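# Structural characterization, general
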Amino acid sequence: MKSIVKPQNIAIVILAAGASSRMKSIKQLLPWKKTTLLGNAIQQGLLANVITVYVVLGANSEVIRPEIKDFNIEIIENESWELGMGKSIACAMNFINNSPTQFDGILITLADQPLLMASHYNKMIGKFTENSTKIIATKQDTTIGVPAIFSRKHVKQLVSLNEDKGAKAVIKKNMDDVLLVDTNGITVDADTMNNYKELYEKYGR
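Keep in mind the model is a prediction, meaning the values are calculated, not measured. (Residues numbered from 1 in each chain as written. Predicted model: local features only at pLDDT ≥ 70, side-chain atom pairs only at ≥ 80, totals over all residues. Heavy atoms only, no water.)

Here we come to the sheet that holds strand E7 (residues 135-140). The sheet built from seven strands is open, its strands ordered E5-E4-E1-E6-E8-E7-E9 with mixed pairing. Each end of this open sheet is capped by a strand with a single partner; those strands are strand E5 (74-77) and strand E9 (178-182). Taking each pair of neighbouring strands and ignoring which way they run, the sheet shows an average axis angle of 30 degrees. Here E7 pairs with strand E8 (residues 143-151) via five bridges, running antiparallel. Across the sheet, the residue bridging to Thr 138 is Gly 145, located in E8. Where helix H3 (residues 85-97) meets the sheet, its contacts fall on strand E1 (10-16), strand E4 (52-57), E5 and strand E6 (105-110), and the angle it forms with E1 comes to roughly 145 degrees. (Pairing = 2+ DSSP bridges. Helix = DSSP H or I, 4+ residues; strand = E, 2+ residues; numbered from the N terminus. Axes fitted to C-alpha atoms, helices over the stretch in contact; angles between N-to-C directions. Contact = heavy atoms within 4.5 Å.)

Let us look at empty space enclosed by the protein. Counted by the stated rule, this structure contains one cavity of 30 Å³ or more. Volume-wise, the largest cavity comes out at about 50 Å³. Considering the residues around the largest cavity, the lining is formed by Leu 37, Asn 40, Ala 41, Gln 44, Thr 109, Leu 110, Ala 111, Gln 113, Pro 114, Leu 116 and Tyr 121. Those elements that place two or more of their residues in the lining of the largest cavity are helix H1 (37-47) and E6. (1 Å grid on protein atoms, 1.4 Å probe; cavity = no way out; pocket = protein on both sides within 12 Å on 5 of 7 lines; lining within 4 Å. Points joined across faces, edges and corners; volume = space filled by probe spheres on them.)

Counting residues in hydrophobic clusters, the biggest one holds 28 residues, and the most contacted among them are Val 13, Ile 89, Met 93, Ile 106, Ile 108, Phe 150 and Leu 158. Contributions of two or more residues to this core are made by E1, E4, H3, E6, E7, E8, helix H5 (155-159) and helix H6 (167-173). By residue number, the principal contributor to this core is H3, which donates five residues. Sequence-distant contacts of Leu 158, that is, excluding residues within four places in its chain, are made with Ile 89, Ala 90, Met 93, Ile 108, Phe 150 and Val 170. Ile 14, Ile 42, Ile 125 and Phe 128 belong to the second largest nonpolar core, which has 25 residues in total. (Core = buried A, V, L, I, M, F, W, Y, C linked by side-chain atoms within 4.5 Å. Buried < 20%, exposed > 50% of the residue type's maximum accessible area, 1.4 Å probe, protein only.)

By themselves these figures say nothing about function.
Given below as structure tokens:
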């Protein structure tokens, strides 16, 4: 009989508020497999060993929201999305701090890393459950960043982020507290149309 894995007291926050001006298109809704880039990120989040999935919307929210309405998620609206990713993180943290659930950790991830799967999140979550005061960050080649899980003690720093200083700023500031999970090169961002097309042709059909 297959054992049931109990969800950990962790929330995933998917950042999807940007205007993706370099793409000249609504990046979140670009096709990926049988869904979209954002739909894929949500599906992987829902498969992970967490209790809640939040999605932060901003630019083009009125177009994106109907496309994700059937997922079991909570949507956070960032009305100041033009101020950058840091503002989206701060907005999410403020929203979560006012929610009835007090999470042990917050896993921050992006909507445009379509090769990332729930298995990577679960590897990070496994490490976090053994080191619940640490930051568990993702290592790709020589880059350290998101997805990353932040413990309660780091939430204040996330709340105070502004403009375009994202989660990496908090990771850098707390390197003594950081543990890494390597991706073996799977977190390639689809941050330009060329990147996206290349990834889509190989993996997204």
